[in-house]
Amino acid sequence: MIAATAGLGSPLFAQAEAGLPDGPEKKTFVKVCSGCHPPEVVLGRMDTPKNWARKVDSMINRGAVATDAEVNQVNAYLDRNFAFVAAPSVVFWQ
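Residues numbered from 1 in each chain as written. Predicted model: local features only at pLDDT ≥ 70, side-chain atom pairs only at ≥ 80, totals over all residues. Heavy atoms only, no water.

**Description of the packing of aromatic side chains**
Thinking step 1. One pass over the structure, following the stated rule, counts 2 aromatic pairs.
Thinking step 2. Through a chain of ring-to-ring contacts, three or more aromatic side chains come together here, namely F29, Y77 and F82. (Phe/Tyr/Trp six-rings, centres within 6.5 Å; stacked < 30°, edge-to-face > 60°.)

**Structural notes on helix 4 (residues 49-61)**
Thinking step 1. Compared with the 18 Å implied by 1.5 Å per residue over 13 residues, the 18 Å span of helix 4 between its first and last C-alpha is a close match.
Thinking step 2. Where helix 4 ends, the next residue or the one after it, G63, has phi of about 120 degrees, a positive value. (Helix = DSSP H or I, 4+ residues; strand = E, 2+ residues; numbered from the N terminus. Expected span 1.5 Å × (residues − 1).)

**Re helix 5 (residues 68-82)**
Thinking step 1. When the terminal C-alpha atoms of helix 5 are compared, their 20 Å separation across 15 residues agrees well with the 21 Å that a helix rising 1.5 Å per residue should span.
Thinking step 2. Within helix 5 the residues assigned to the buried category are E70, V71, V74, N75, Y77, L78, N81 and F82. Looking straight down helix 5, one finds its buried side chains confined to an arc of 160 degrees; they lie on one side. Looking at helix 5, the residues exposed on the side facing more than 90 degrees away from the buried face are D68 and N72.
Thinking step 3. Buried residues along helix 5 sit in contact with helix 3 (26-33) and helix 4. (Buried < 20%, exposed > 50% of the residue type's maximum accessible area, 1.4 Å probe, protein only. Arc of directions from axis to C-beta. Contact = heavy atoms within 4.5 Å.)

**Quick look at the packing of helix 4 against helix 5**
Thinking step 1. Relative orientation of the contacting elements helix 4 and helix 5 amounts to 145 degrees, with a least axis distance of 10 Å. In the crossing of helix 4 with helix 5, the sense of the turn from one axis to the other is right-handed. Contact residues: helix 4 offers P49, W52, A53, V56 and I60, while helix 5 offers V71, V74, N75, L78, D79 and F82.
Thinking step 2. Here the residues of the contact of helix 4 with helix 5 are counted per class, giving 9 nonpolar, 1 polar and 1 charged. (Axes fitted to C-alpha atoms, helices over the stretch in contact; angles between N-to-C directions. Left-handed = near helix turned anticlockwise from the far one by under 90°. Nonpolar A, V, L, I, M, F, W, Y, C, P; charged D, E, K, R; others polar.)

**A look at the side chain of E25**
Thinking step 1. Checked against the element boundaries, E25 lands in the loop between helix 2 (11-18) and helix 3.
Thinking step 2. Sequence-distant contacts of E25, defined by excluding residues within four places in its chain, comprise Q73, A76, Y77 and R80.

See the structure below:
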């Protein structure tokens with residue numbers, strides 16, 4: 001896979017980052033996730049933090065390479081940018 005062989009300084013790596021939201025964990029997210037698939041696959045997808053963590057764990061179990069700290073950063077990036085936010089409770093008084 002081309003993305004798997006792209007180094008951090010390569011044009012493919014920079015291109016992968018272009019469409020993703022900025023954030024402190026973005027480079028780690030791209031580095032870890034681009035080894036198996038384009039990291040942009042998350043664009044337009046939303047999920048709960050719990051489900052994102054399950055997906056990340058599944059990918060690690062299938063061969064994605066990341067330290068525990070990198071997994072935490074990937075989860076934080078997904079939670080910040082692609083997680084459902086609970087709506088505030090609304091109370092109607094009659």
